[in-house]
Amino acid sequence: MQPRVILTDIEGTTSSISFVKNVLFPYARQALPGFVAEHGQQPEVRRWLDAVATEIGGACQDSLVAETLQGWIDQDRKHTALKALQGLIWDAGYRRGDYTAHFYPEVAPVLKGWHASGLPLYVYSSGSVPAQKLFFGFSDAGDLSPLVSGWFDTEVGGKREADSYRHIVQAIGVPAGEILFLSDVVEELDAAREAGLQTRLIDRLDDYPMPRIGDAANSHDRVENFQQIQF
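Residues numbered from 1 in each chain as written. Predicted model: local features only at pLDDT ≥ 70, side-chain atom pairs only at ≥ 80, totals over all residues. Heavy atoms only, no water.

Labelled according to an unreviewed UniProt entry, the chain appears under the name Enolase-phosphatase E1, originating from Stenotrophomonas indicatrix. Database annotation for the chain, UniProt heading Catalytic activity (unreviewed entry): "5-methylsulfanyl-2,3-dioxopentyl phosphate + H2O = 1,2-dihydroxy-5-(methylsulfanyl)pent-1-en-3-one + phosphate". Its UniProt record gives the chain a comment under Subunit (unreviewed entry), which states: "Monomer." (UniProt positions renumbered as here; feature names shortened; annotations may be inferred.)

Structure below.
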């Protein structure tokens, strides 16, 4: 069935895993202590610092919270508070021109083609919605954010949980079987498939030199790039 909606991951799907790990994560890690010290009393920052403090044992100094967040970055922990704070830090870096977000060369033309044909695009990433908007807005292919009809992050649920995709289906308002989800993570695709979505495994050699094998990977149609996606 030809999809009516495209739902895509970012890291490892539209964009290189190495950009996030080698550029964005180190940038946020280095900036965290100063950012927390300078902006810790702002409501949008305080909310997330307090959430982390509660999780690690209650009242504690912001310096300890910042240290904890740096540890979570090292662990690549998918925590909503960390993702939100990273997004605020990355905002400054994008706007200063310290970097632009990486997109694989074929992605922007394909996305523009889908948009021109009337095929809506939605994004679902473990990065916060503000971080997603920055990623698309300050890309090395220019501002791609007008191509996106809606954004979802882990506040809707974990990416390996079928209920998260059911919530997204409800929010989009299109039957699950008419939504195509693109990701490089088999477990995410399994969860989306369980919720009734169509799936494609993006298996890029740049990110995965050894193609994924096994029954789980083989249960999803596999492509190496966006140009190979056929409806």
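On we go from here.
Turning to the sheet that holds strand β2 (residues 121–124), a few remarks are in order. Taken in spatial order, the six strands of this open sheet run β3-β2-β1-β4-β5-β6, and their pairing is parallel. For this open sheet the edge positions go to β3 (148–152) and β6 (221–223), each flanked by a neighbour on one side alone. Ignoring which end each strand starts from, the neighbouring axes of this sheet average 25° apart. Sheet analysis places strand β1 (residues 5–8) next to strand β4 (residues 179–183), joined by four bridges and oriented parallel. Opposite L7, over in β4, you have F181 as the bridge partner. Against the sheet, helix α7 (residues 162–172) makes contact with β1, β2, β3 and β4, and its axis sits at roughly 150° relative to β2, the strand it touches most. (Pairing = 2+ DSSP bridges. Helix = DSSP H or I, 4+ residues; strand = E, 2+ residues; numbered from the N terminus. Axes fitted to C-alpha atoms, helices over the stretch in contact; angles between N-to-C directions. Contact = heavy atoms within 4.5 Å.)

Now for the pattern of salt bridges. Where charged atoms of side chains with opposite charge meet at close range, the side chains can pair. Inspection of the entire model under this criterion finds 16 salt bridges. Measuring nitrogen to oxygen at the nearest pair gives 3.2 Å for the salt bridge that ties D76 to K21. Separated by 55 residues along the polypeptide, D76 in the loop between α3 (62–75) and α4 (80–96) and K21 in helix α1 (residues 17–39) bring together distant segments of the chain. According to the relative accessible area criterion, K21 is partly exposed, its value standing at 37%. Here E55 ties to R77 by a salt bridge, and the two come within 2.5 Å at their closest N and O atoms. (Salt bridge = Lys/Arg side-chain N within 4 Å of Asp/Glu carboxyl O. Buried < 20%, exposed > 50% of the residue type's maximum accessible area, 1.4 Å probe, protein only.)

It is worth spelling out the packing of α3 against α4 at this point. Interaxial distance between α3 and α4 falls to 11 Å at its minimum, and their mutual angle equals 100°. With respect to α4, the axis of α3 lies roughly perpendicular. Across the interface between the two elements, L69, W72 and I73 of α3 pack against L82, L85 and Q86 of α4. (Parallel < 35°, antiparallel > 145°, perpendicular 65-115°, else oblique.)

Next up on the list: unusual backbone geometry. At D76, a position not held by glycine, the phi torsion is positive, near 55°. Residue classification places D76 among the partly exposed positions, given a relative accessible area of 24%.

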